[in-house]
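Single-letter residue listing:
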Amino acid sequence: SGRGQLVERGLPRQEEGSLYVWGRNDRGQLGLGVTGSPDTTTRFKPTLLEITNANGQKEEVIDAAVGLEHTMVVVSGGRVFTWGSNQYGQLGIDVQSEDTPFTSVPTAIDIGGESIMNVSAAAGHSVALTFTGAVYTWGANQEGQLGLGGCVNPQGRGLDPCLDYVRRPTKILQTIEGSFLPQMKLIAAGGHVAGGKERFLEGGHTVTVSKLNEVWGWGDNFHGQVGKKQTYFRVADNTELFTPNTFDNVTGKYYNREVLPVRVGPLVVTLSQPPPPPPPPLLPLPPRTPMAPAAGSPSITAPSIAPTTSALTDTVEVEMPEIIAVSAGSHHSLALLKTGEMFAWGDNFFGQLGLGYQSMLREPDEFHKTQTWRQPEMIDMPQRITHFDYVVIEKQMEVVGNATVERSYTVQITGKIQGSKDSEGIEAAFTQIDAGNFQSIALARDGSLYTWGTNSLGQQGTCDCGACASSYDAAGSCLPISAPPAPPAPTLEEMRRLSVSNPFAPPAPPYVHKQTWDQRCECNCPGEGTCKFTPAFGDLDAINQGTCVGYGDKTKCECTPPYLQMTGAIYNMDQPMTFSFGAKTNFSFVTIAAGGAMFAVSQSKCPTDGTGRDCSGKGQCVLPEEQDAIPSCLCPFGTAGIFCEHSCPVGTKEDVDAIRADHNINKFRNSRYREDTDGKIDGEVCAGHGVCDRKGACVCQDNWFGERCQYMCPWNNDKQHCSGNGTCVYIPTVQEFPYCVCDRYNTLVKDPVMAAANAKTCEEKGLAVWPNGWCSYYDAMQGFDACYTQGLCGVCEDAASSRSILLVLFVSLFSLVTHL
């Protein structure tokens, strides 16, 4: 579905219809609330969101769309759920925004009682497409982006009420031509929000494609994003500045909008190279000489056959090229043909149309000189992106007179990427395209990505030289691709023979020089002025000041010797640029999306790390025997994770020394730790006393603690932890090493039954009851008081005798008498 602005969150949809959400949630746009308990907490990791019906049954999500602060999904069966901000009525719940400014609870809405196939969300309005091809719109309408018309003044000039918000999904019935809106198959909603914290809508447009492959658009056309051809007029007398926009004296602003659907295009693939001529028609057979009839036979005359001609005045229906995708960004639009050609129109200030230049001015989008002579600032009709065009030589046998000769023709190839092959060995064509805020992204059949437009926030995904070093030559630039030369001219003998047989033989095709960028040289960025090469001169080395990769003023592109050093940063890219991780990867991209950021989903046979290496280049990929099972990684020693991405902690010699030193060796001479009998620690994962989990963290055995299980609970000569008379505790903020909390029982509790039970336990365990009512194991060398008040209990190895109690009582009484 089309996306207006994927500004601060994302929505991946799994095959089984599960939905995960994350990101900003201040307007409930993640949909994690329940009735009576709203949820506006930001999520920093994907969180499962289950959509349920009135009976509490889970719904399968088949389509999702994300606006600025609202979200829509279509579930199996064609119902639509919405949640998030309702500031402009974009939820379609038919309530005042003052009454319900937002909701964090997914809410089912009624869309004319019809089943919905797709939805699209922009900053302030929403669009839905039914299975029958009808289009419903609702939400913000300040630029006519709902396509409902009904204006009193032309195009809603002067605060016309026809441009008010619409809170209920409304079906579009009529076009600007007065006809019914044709059945549609694709929809896309676009628009922008400006103003920082005090946000306000800027623009808003909708683009659709009919089942007859006609493009329709409506809404804000200030930047030409609707795609209707404009009429330019001078901004002022005696100037060369022109504008197609109209000044509204009431609002004090320029406007250019279409409040009803208008035709866009058509999307025509024009070629700079003429196609080769068709094969010549078969020559007619020579007429046969009539035979004289035999005597007495009837005369036979061949009927005269008049030559058939096709009337030039007949209407010929031109079949429109099949369109498989359409997308709307903040102020620009994109479309993709099934044959791989891409079209773009609208705002080009950041080069987001991919036409090889950037528009120099934005408001009011004057027709002005740009990098290319007299190119219009406003690209108000679909323009094909010709960056990937290339030419080949095709040979063809032709009959010239009585001779058959082989001729060569220069043929222009469109919609494919030269040198890139898909899994079937066919040159890859583009299969997906999407428009973000001020940038664009495209996916080819071979899984490669291309991006263009703004890079102010890293949207191009380029932050180092990456893989360019492997194909970047020290001379500073890749060799350009030129059109093949024309075939050699015929010899004099051939000319003489051809002139005799056919004096009107077509001349050899002219040599056409076409300079394009080599797509295989990833560091040689194709944009205007982005690979400025300065050759060596005198004592000065050759330098390349190309802004090939990176963004902002902090990131630079520096290729290490012997490759040429590159400096600079790219802010805008005006032609499609190869997206690369800078390393060989074992996965390919399968889905893309663009909003405020770029998104891409990859797939691979085996689990891969972030740079595309199977099992992080460490483990072994294990393919399952079952067809639907998921491959897994067999991780080597010291690694863990889904793709062996984590390194497990390993014990050290220092850990062994610390454990051996942490003893009361004078009291427990046989308790010193020995690796040969008690387990190896040095060099073992989790010090040999734990296992590494899938996240690379140690899960320690009982009585072992620490990030690598390097701390042991103290034990006695029999190597019983806490002598079997207590519990081991590890609190690093209290003590560096684990310590024992001895078993203790209180005989003076208020509950007489509990007091009696504790007294019996003290007697059975041979523990003396101290004057405070407690009995406990402790360390006699430290004393009971140190254990009871300070936790210095040793290994809980001692139990007080009756004699010791009398001694303690005597000492206490003696101290009291002396004090008196």
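Note that the structure is a prediction, hence the values are computed from the model and not measured.

**Focus on the overall build of the protein chain**
Point 1. Each helix and strand counted, the protein chain has 6 helices and 46 strands in total.
Point 2. Counting over 820 residues, the protein chain shows a buried share of 44%.
Point 3. Looking at the protein chain alone, contacts between residues at least 24 apart form 57% of all its contacts between residues at least 6 apart.
Point 4. With the model as given, the accessible surface of the protein chain reaches about 43,200 Å², and the carbon-plus-sulfur share is 55%.

**What to know about the state of the cysteines**
Point 1. Applying the stated criterion to the full structure yields 12 disulfides.
Point 2. Note on cysteine connectivity: Cys 686 is disulfide-linked to Cys 698, with sulfurs 2.1 Å apart. Linking Cys 686 and Cys 698, the disulfide has an S-S dihedral of approximately -95 degrees and is accordingly described as left-handed. Linking Cys 686 in the loop between helix H3 (675-678) and strand S39 (690-692) with Cys 698 in strand S40 (residues 698-700), this pair joins segments that are 12 residues apart in sequence.
Point 3. A residue is classified by how much of its surface remains accessible, and Cys 698, at 15% relative accessible area, is buried.

**What about the confidence of the model for the protein chain?**
Point 1. Chain-level pLDDT for the protein chain is 77 on average; 72% of the residues reach the 70-or-more range.
Point 2. This model gives residues 368-374 a pLDDT under 50, and the stretch forms 19 contacts once residues within four places in sequence are excluded.
Point 3. The model gives residues 802-820 a pLDDT under 50, and that stretch makes 4 contacts with residues more than four places away or in other chains.

**Section: the pattern of salt bridges**
Pairs can form between side chains of opposite charge once their charged atoms are near each other.
Point 1. Applying the stated criterion to the full structure yields 20 salt bridges.
Point 2. The shortest N-O distance in the salt bridge between Asp 657 and Lys 653 comes to 3.2 Å. With Asp 657 and Lys 653 both in helix H2 (residues 653-661) and 4 residues apart, this pair spans about one turn of that helix.

**A look at the packing of aromatic side chains**
Here the distance between the centres and the angle between the planes together describe a pair of aromatic rings.
Point 1. Counted by the stated rule, this structure contains 17 aromatic pairs.
Point 2. Pairing Tyr 88 with Tyr 165 gives two aromatic rings, centres 5.4 Å apart and planes at 85 degrees, and the pair type is edge-to-face. Taken together, the residues span a long stretch of sequence, with Tyr 88 in the loop between strand S6 (80-85) and strand S7 (102-109) and Tyr 165 in the loop between strand S10 (135-139) and strand S11 (166-171) at a distance of 77 residues.
Point 3. Ring geometry for Phe 784 and Tyr 788: centres 5.7 Å apart, planes at 15 degrees, overall stacked. Remark: Tyr 788 and Phe 784 occur in helix H5 (residues 784-790); sequence separation between them is 4 residues, near one turn of the helix.
Point 4. With relative accessibility at 9%, the residue Phe 784 sits in the buried group.
Point 5. Ring-pair connections join several aromatic residues into one group, and the members of that group are Trp 770, Trp 774, Tyr 778, Phe 784 and Tyr 788.
Point 6. The ring of Trp 774 has Arg 744 sitting right over it, with the charged end atom 5.8 Å from the ring centre.

**Quick look at a nonpolar patch on the surface**
Point 1. A cluster of nonpolar side chains, Val 235, Phe 247 and Tyr 254, forms an exposed patch at the surface whose accessible area comes to about 250 Å².
Point 2. Positionally, Val 235 belongs in the loop between strand S15 (233-234) and strand S16 (242-243).

**Topic: the side chain of Glu 258**
Point 1. Checked against the element boundaries, Glu 258 lands in strand S19 (residues 257-264).
Point 2. Accessibility expressed as a relative area gives 5% for Glu 258, which makes it buried.
Point 3. Looking at Glu 258, its side chain comes within polar contact range of the side chain of Lys 228, at 3.3 Å.
Point 4. If we ignore the near neighbours within four places in the chain, the residues touching Glu 258 are Glu 143, Gly 144, Gln 155, Ile 176, Trp 218, Gly 219, Val 226 and Lys 228.

**Some points on the sheet that holds S7**
Point 1. As summarised here, the arrangement of the 4 strands in space is S4-S5-S6-S7, forming an open sheet in which the pairing is antiparallel. Every interior strand has two partners, whereas the edge strands, strand S4 (61-66) and S7, have only one. Ignoring strand direction, the axes of neighbouring strands in this sheet form an average angle of 15 degrees.
Point 2. Note that strand S5 (residues 70-75) and S6 share 5 bridges and pair antiparallel. By the bridge assignment for S6, Met 72 is matched with Thr 82.

**Observations concerning the pairing of strand S29 (residues 449-454)**
Point 1. Within S29, 6 of the 6 residues are buried, leaving the element largely enclosed by the surrounding structure.
Point 2. Where strand S28 (residues 439-444) meets S29, 5 bridges bridge the pair, whose relative direction is antiparallel. Looking across to S29, one finds that Ser 440 is bridged to Trp 452.
Point 3. Of the strand pairs in this sheet, S29 and strand S32 (residues 572-579) are connected by 5 bridges, and their pairing is antiparallel.

**Let's talk about the nonpolar core**
The tendency in soluble globular proteins is for nonpolar side chains to be buried side by side.
Point 1. One finds Val 215, Leu 267, Met 342, Trp 345, Phe 430, Ile 433 and Trp 452 to be the most contacted residues of the largest nonpolar core, which totals 34 residues.
Point 2. Of all the elements in the fold, those that place two or more residues in this core are strand S13 (200-210), strand S20 (323-328), strand S21 (332-337), strand S22 (342-346), strand S27 (427-435), S28, S29 and S32.
Point 3. Filtering out sequence-adjacent residues up to four positions away, Leu 267 remains in contact with Val 215, Pro 321, Ile 323, Ala 335, Leu 337, Phe 343 and Pro 382.
Point 4. Core analysis: the second largest hydrophobic core is formed by 17 residues, Cys 728, Tyr 745, Tyr 777 and Cys 796 among them.

**A look at H2**
One turn of an α-helix holds 3.6 residues; hence residues three or four places apart share an orientation.
Point 1. Among the residues making up H2, those that are buried are Asp 655, Val 656 and Ile 659. Seen along its axis, H2 keeps its buried residues to an arc of 100 degrees; they face one direction. Structural note: H2 exposes Lys 653, Glu 654 and Ala 661 on the side pointing more than 90 degrees away from its buried face.
Point 2. Looking at the buried side of H2, the elements it contacts are H3, strand S41 (704-705) and strand S42 (711-712).

**A short note on the sheet that holds S20**
Point 1. Reading across the sheet, the 4 strands line up as S20-S21-S22-S23 and stay open at both edges, with antiparallel pairing between neighbours. Single-partner strands in this sheet number two, and they are S20 and strand S23 (379-384). Taking each pair of neighbouring strands and ignoring which way they run, the sheet shows an average axis angle of 15 degrees.

**Some remarks on the environment of Leu 159**
Point 1. Structurally, the position occupied by Leu 159 is in the loop between S10 and S11.
Point 2. Overall, Leu 159 belongs to the exposed group, its relative accessible area being 65%.
Point 3. Leave out the neighbours within four places in its chain, and Leu 159 touches Val 250 and Thr 251.

**Thoughts on the side chain of Asn 256**
Point 1. In this structure, Asn 256 sits in the loop between strand S18 (253-255) and S19.
Point 2. In terms of polar contacts, Asn 256 uses its side chain to reach the side chain of Gln 230, at 2.8 Å.
Point 3. Among the polar contacts listed, one links the side chain of Asn 256 to the backbone oxygen of Pro 244, at a separation of 3.5 Å.
Point 4. Residue contacts for Asn 256: discarding those within four places in its chain leaves Gly 219, Asp 220, Asn 221, Phe 222, Gln 230, Pro 244 and Asn 245.

What counts, and where the lines are drawn
- Residues numbered from 1 in each chain as written.
- Predicted model: local features only at pLDDT ≥ 70, side-chain atom pairs only at ≥ 80, totals over all residues.
- Heavy atoms only, no water.
- Helix = DSSP H or I, 4+ residues; strand = E, 2+ residues; numbered from the N terminus.
- Buried < 20%, exposed > 50% of the residue type's maximum accessible area, 1.4 Å probe, protein only.
- Contact = heavy atoms within 4.5 Å.
- Areas by Shrake-Rupley, 256 points an atom, 1.4 Å probe, with all protein chains shown as cover.
- Disulfide = S-S within 2.5 Å.
- pLDDT = per-residue confidence, 0-100.
- Salt bridge = Lys/Arg side-chain N within 4 Å of Asp/Glu carboxyl O.
- Phe/Tyr/Trp six-rings, centres within 6.5 Å; stacked < 30°, edge-to-face > 60°.
- Lys NZ or Arg CZ within 6 Å of the ring centre and 35° of its normal.
- Patch = residues over 30% accessible without salt bridge, like charges linked within 9 Å, V, L, I, M, F, W, Y side chains within 5 Å.
- Polar contact = N/O pair within 3.5 Å; in protein donor to acceptor, adjacent residues only side chain to side chain.
- Pairing = 2+ DSSP bridges.
- Axes fitted to C-alpha atoms, helices over the stretch in contact; angles between N-to-C directions.
- Core = buried A, V, L, I, M, F, W, Y, C linked by side-chain atoms within 4.5 Å.
- Arc of directions from axis to C-beta.

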